[in-house]
Amino acid sequence: MPERTRLGLAGAGRGGGLIIPAIRDHGAELVAVAEPFPRRRELFGERWTKNLGDKPLPEFLDTYEALLERKDIDALVIATPAPMHAPQAVQALEAGFHVLSEVPAAHTLDQARALVRAARAAKGSYFFSENCCFWYFVKEWARMVREGRLGEVQYVEGEYVHRLGFKFWGRPSWRASYEPIRYCTHETGPLLDILDDRVVQVSALTTSNKVFSDKASDDIQVALFKTAKGVAYKQLNAFGVNRHHLSQNTSPVHHYYSLYGSRGFLETTRHGEFKTLACFQEDPSENKEHKVLDLPKEDLTLPEQARGGHGTADWEIMRDFLACISEGRAPTIDVYRGLDYTLPGICAVESIARGGAPVTVPDPREF
């Protein structure tokens, strides 16, 4: 393999945030970009020039198939609409590429099974790009749980509320018909990593669509998960409704996480500056005030240029993915763990279709 990892990118919108640090800071080369929309190409070019100066732009291709035919590329970054991730990852793995896939990993159980088969047979590696798992406070929460600061964790919550438009350049986006709970990995990823656990059962319910007329999906969906360790887990996902964290008012997105253990709790703030509220009790009978911990999303020990997309997460993802290729490391988030995060949402959609009936979440290692 060449000294510099040669990348191909599918999807110039979200993909631009991942690719820039790979080129600027991690020594990779971007050879080609598959992007059919001219306006997205223009915006990618503007972002490229802002961050990389007069470095020549990569070649733009009209189709993903054209990217698969290239012999001068080592790895593909898939940042296309969500329903396309697994089929395109399967094609790339079968063609001999390393793959970094945006979230979620799959749209259906059949796609998930096909992805596992392809990853097992592939020469290249599959790396799942769940950025929220790389947030600094998530790593600190995981450390505190491992140290037993909360005792035994019994209950957790996650919320992801993202208000955004459902048309791009006059055409419906993929989110216009995408069930919100299917897009669950921004919360299932961090929480399941903190717990070192996986979901085994789900029951879910949905509201109707009352906010935007230009989308077909419901506004809010709620799932109750049971994990392999017996933890109760509530997950709320919403597209369209107006709820965002006031410290993130440039982006209409709201993330919330909480954990309750036998000897304390951790939760993120719902308003104002993003911090952690924590209570640690040696004696469960005592009534103890909570502490405010300054645990940001960004890892402030990383270089200044690492801050940008999703805190420092995008920078860390590309660092780890490229090390996975050049040094032969195991993926930080492999296909099985990526599906541990993804399958609860797929099965929640099935539960909604069955009126909230419990649905078993399969273990992808058994596919």
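Residues numbered from 1 in each chain as written. Predicted model: local features only at pLDDT ≥ 70, side-chain atom pairs only at ≥ 80, totals over all residues. Heavy atoms only, no water.

1. Considering the overall build of the protein
Let me state the cut-off plainly: Only DSSP runs of H or I covering at least 4 residues are called helices, and only runs of E covering at least 2 are called strands; the numbering of each starts at the N terminus. The atom set for the radius of gyration is the C-alpha atoms, and the globule formula is 2.2 Å times the number of residues raised to the power 0.38. Only protein chains enter the accessibility calculation, which uses a 1.4 Å probe. A residue is then buried if its area is under 20% of the maximum for its type, exposed if over 50%, and partly exposed in between. The contact rule is simple, with two residues in contact once any of their heavy atoms fall within 4.5 Å. Residues counted as positive are Lys and Arg, residues counted as negative are Asp and Glu, and His and the chain ends are not counted. For charged residues, the charge sits on one atom: NZ in Lys, CZ in Arg, CG in Asp, CD in Glu.
Along its length, the protein carries nine helices and 17 strands. For a compact globule of 367 residues, the expected C-alpha radius of gyration is about 21 Å, and the protein comes in at 20 Å, within 12% of that figure. The buried share of the protein, taken over its 367 residues, is 56%. A fraction of 69% describes how many contacts in the protein between residues 6 or more apart in sequence connect residues 24 or more apart. Positive and negative side-chain charges in the protein, numbering 44 and 49 respectively, have mean positions lying 2 Å apart.

2. A word on the pairing of strand β13 (residues 253-261)
Taken residue by residue, a regular strand's side chains alternate between the two faces of the sheet. Rules: Paired strands, as defined in this entry, are two strands with at least two bridges between them according to DSSP.
Judged by how many residues are buried, β13 sits mostly within the fold: eight of nine residues are covered. Where strand β7 (residues 153-162) meets β13, nine bridges bridge the pair, whose relative direction is antiparallel. Directly across from V156, in β13, lies its bridge partner L259. Bridge count for β13 against strand β14 (residues 264-268) is four bridges, and the pairing is antiparallel.

3. Thoughts on the pairing of strand β12 (residues 232-239)
Summarising burial for β12: six of the eight residues are buried, a large majority. Summarising the sheet, β7 and β12 pair through eight bridges and their orientation is parallel. Considered in β12, the bridge of V161 is made with A238. Where strand β11 (residues 220-227) meets β12, seven bridges bridge the pair, whose relative direction is antiparallel. When the bridges of β12 are listed, F225 appears paired with Y233. Linking β11 back to β12 in an antiparallel pair, the connection comprises four residues, with G230 at a positive phi of about 85 degrees.

4. Considering the environment of S101
Inspection of the secondary structure puts S101 in strand β5 (residues 98-101). By relative accessible area, which is 0% here, S101 ends up buried.

5. A few points about the nonpolar core
Selection rule: To qualify as a nonpolar core, a set must consist of buried Ala, Val, Leu, Ile, Met, Phe, Trp, Tyr and Cys residues joined through side-chain atoms within 4.5 Å.
In this structure, L7, Y126 and L259 are the most contacted members of the largest nonpolar core, which totals 107 residues. Not counting chain neighbours up to four residues away, the residues in contact with L259 comprise W141, V145, L150, V153, Y155, V156, L191, I194, L195, G264, F265 and L266.

6. Points about the sheet that holds β7
Counted only if it meets this: Helix axes use the C-alpha atoms of the stretch in contact, all axes being lines fitted to C-alpha atoms, and the angles between their N-to-C directions lie in the range 0 to 180 degrees.
The strand order β16-β15-β14-β13-β7-β12-β11-β10-β17 describes an open sheet built from nine strands, whose pairing is mixed. In the strand order of this sheet, the two ends are held by β16 (291-293) and β17 (359-360), each with one partner. Where helix α9 (residues 335-353) meets the sheet, its contacts fall on β10 (199-206), β11 and β17, and the angle it forms with β10 comes to roughly 45 degrees.

7. Looking at the sheet that holds strand β1 (residues 6-10)
A sheet is described by the order of its strands in space; here six strands give the open sequence β3-β2-β1-β4-β5-β6, paired in parallel fashion. For this open sheet the edge positions go to β3 (59-61) and β6 (126-128), each flanked by a neighbour on one side alone. Across the sheet, the mean angle separating the axes of adjacent strands is 20 degrees when strand polarity is ignored. Pairing of β5 with β6, which is carried by three bridges, proceeds in the parallel orientation. Each residue of the ladder has a partner; that of L100, found in β6, is F127.

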